[in-house]
Structures are given as structure tokens and as C-alpha cells.
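Residues per chain, in single letters:
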Amino acid sequence: MKKKVFNYFRYISWIAILCSMLGSMLLIIIGAYKAYSAFDVFIFNAMPPAELAHLDTADIAISYLIKSLDTFLVALVLFIFAHGIFTLFIWNKNAGEDQTTEVLKWIKTPNIGHLKNILAEVIIVILFVKFLELVLINFNNLSWNVLILPVSILLLSLGLKFLGLGQDENQSE
């Protein structure tokens, strides 16, 4: 009886799946808006915000495109997270038929550790994109404080390397 109740309790993870998918869709819309803003500033000569006024229009467009790239990355992370939670907690692997589609076969989530590894790697990439954005916006006013972000990225990457979280379980060599 307790096992059956616990088995049904796993369906509460639909909340995390649904919220992650909705967040992913929202971030895709926001990323598209930021990409549109790049075209708006560069092609249609729209007024840039005050913090970007010191840049020329090409650099402002690049800044918006970098921001949209960052937003799309977070949207993809939320999508991968939702798919991972679905495959770990909802999907019945013992079913006779293959329930995954050909499109989603590249997202393999064998365990929660693998899902954490994917999230950690994407966080490092997002931090790198944020560093690029910071350097682009403040190119004429760079200071030593800017080095905090790349040092943090390096330390996080080394932490992943030393913990072995970036290694594939199938590679034993």
C-alpha cells in the first residue's frame, strides 16, 4: 500500500515539468523580443537605452543579440530540465513501446546526476555569455573587478572537472 501511494506521489513532478515548459516558452518569447530589439536599433534607428548610449548602433545590436543568446540558453535549460524530470519520474521505461520521439533522443537523462551535470555546464556557458556582455558594454571603462566573472567561470569549470561530473558514464577508458 505504501509503495502504491509513493508511486502515485511521483506525479506531483508534473508541476515542475509544466512550470519549466511555461518558463521556457516565456523565455523564448523574451529572447525573440531582444533579437527584434537588435534589428530595431540597427536597421530602424530606434533610440537605445541610456546605459548603451555610448556605443555605436552595431555594438548595441551585438549587445541585444548576446542578451537574446543568453535568454535562449536559459530557455533550453528549462526545456532540458522539464524533459529530464519527465523521463526520470513519469516515463514508464518498462512499457513495451518506445515513448520517446526521434527528435528528443539526444536528450538522455539516465539519472539525476546527469541532469545536474547538464545544468552545471549550461550555467558555465551562461556566465561566459554574461562576461562577454559585460565586456562589450563597458569596453571603454574596464577595471580589475571585471576579472571576477572569468575567474569564477574557471573555478566552476575546474570544480566540474575534478568532481568528474563532466565525464560520460559510458567512457571507462
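Residues numbered from 1 in each chain as written. Predicted model: local features only at pLDDT ≥ 70, side-chain atom pairs only at ≥ 80, totals over all residues. Heavy atoms only, no water.

### A short note on the overall build of the protein
Scanning the protein from N- to C-terminus turns up five helices and zero strands. Mapped from its N terminus to its C terminus, the protein presents α and β elements in the order α-α-α-α-α. Going through the 173 residues of the protein one by one, you find that 28% of them count as buried. A sequence separation of at least 24 residues applies to 72% of the contacts in the protein between residues at least 6 apart. Accessible area for the protein stands at about 12,100 Å²; split by element, carbon and sulfur atoms hold 70% of it. (Helix = DSSP H or I, 4+ residues; strand = E, 2+ residues; numbered from the N terminus. Buried < 20%, exposed > 50% of the residue type's maximum accessible area, 1.4 Å probe, protein only. Contact = heavy atoms within 4.5 Å. Areas by Shrake-Rupley, 256 points an atom, 1.4 Å probe, with all protein chains shown as cover.)

### Section: the packing of helix α2 (residues 14-42) against helix α3 (residues 57-90)
Angle between the axes and distance between the axes: these two values describe a pair of packed helices. For the pair α2 and α3, the least separation of the axes is 8 Å and the interaxial angle reads 165°. With respect to α3, the element α2 is oriented roughly antiparallel. With respect to the hand of their crossing, α2 and α3 are arranged in left-handed fashion. (Axes fitted to C-alpha atoms, helices over the stretch in contact; angles between N-to-C directions. Parallel < 35°, antiparallel > 145°, perpendicular 65-115°, else oblique. Left-handed = near helix turned anticlockwise from the far one by under 90°.)

### Concerning the nonpolar core
Formed by A38, V41, L52, L55, I60, A61, Y64 and I137, the largest nonpolar core amounts to eight residues. When contributions to this core are tallied by element, the ones reaching two or more residues are α2 and α3. Here this core gets three residues from one element, more than from any other, and that element is α3. Non-local contacts of A38, meaning those with residues more than four positions away in its chain, are made with A61, Y64 and L65. (Core = buried A, V, L, I, M, F, W, Y, C linked by side-chain atoms within 4.5 Å.)

### A short note on a nonpolar patch on the surface
Taken together, the side chains of W144, L147, V151, L154, L155, L158 and F162 make up a nonpolar region of the molecular surface, amounting to roughly 820 Å² of accessible area. Note that L154 resides in helix α5 (residues 148-163). (Patch = residues over 30% accessible without salt bridge, like charges linked within 9 Å, V, L, I, M, F, W, Y side chains within 5 Å. Salt bridge = Lys/Arg side-chain N within 4 Å of Asp/Glu carboxyl O.)

### Details of the environment of L134
For L134, the location among the structural elements is in helix α4 (residues 112-137). In this structure, the C-alpha to C-alpha distance between L134 and S63, residues 71 residues apart in sequence, is 9.1 Å.

### Topic: unusual backbone geometry
Its identity as a non-glycine residue notwithstanding, N45 has a phi of 55°, on the positive side. In this structure N45 comes out as exposed when scored by relative accessible area, which is 59%.

### Some thoughts on the pattern of salt bridges
Opposite charge on two side chains lets them pair, provided their charged atoms get close. In the structure shown here, the tally under the stated rule is two salt bridges. For D70, the salt bridge identified is with K130, shortest N-O distance 3.3 Å. A residue pair is termed long-range when its members are at least 10 positions apart, and D70 in helix α3 and K130 in helix α4 qualify at 60 residues. In this structure D70 comes out as buried when scored by relative accessible area, which is 7%. Among the residues examined, K130 registers a relative accessible area of 37% and is labelled partly exposed. In this structure, the salt-bridge partner of E133 is K130, at a minimum N-O distance of 3.8 Å. With E133 and K130 both in helix α4 and three residues apart, this pair spans about one turn of that helix.

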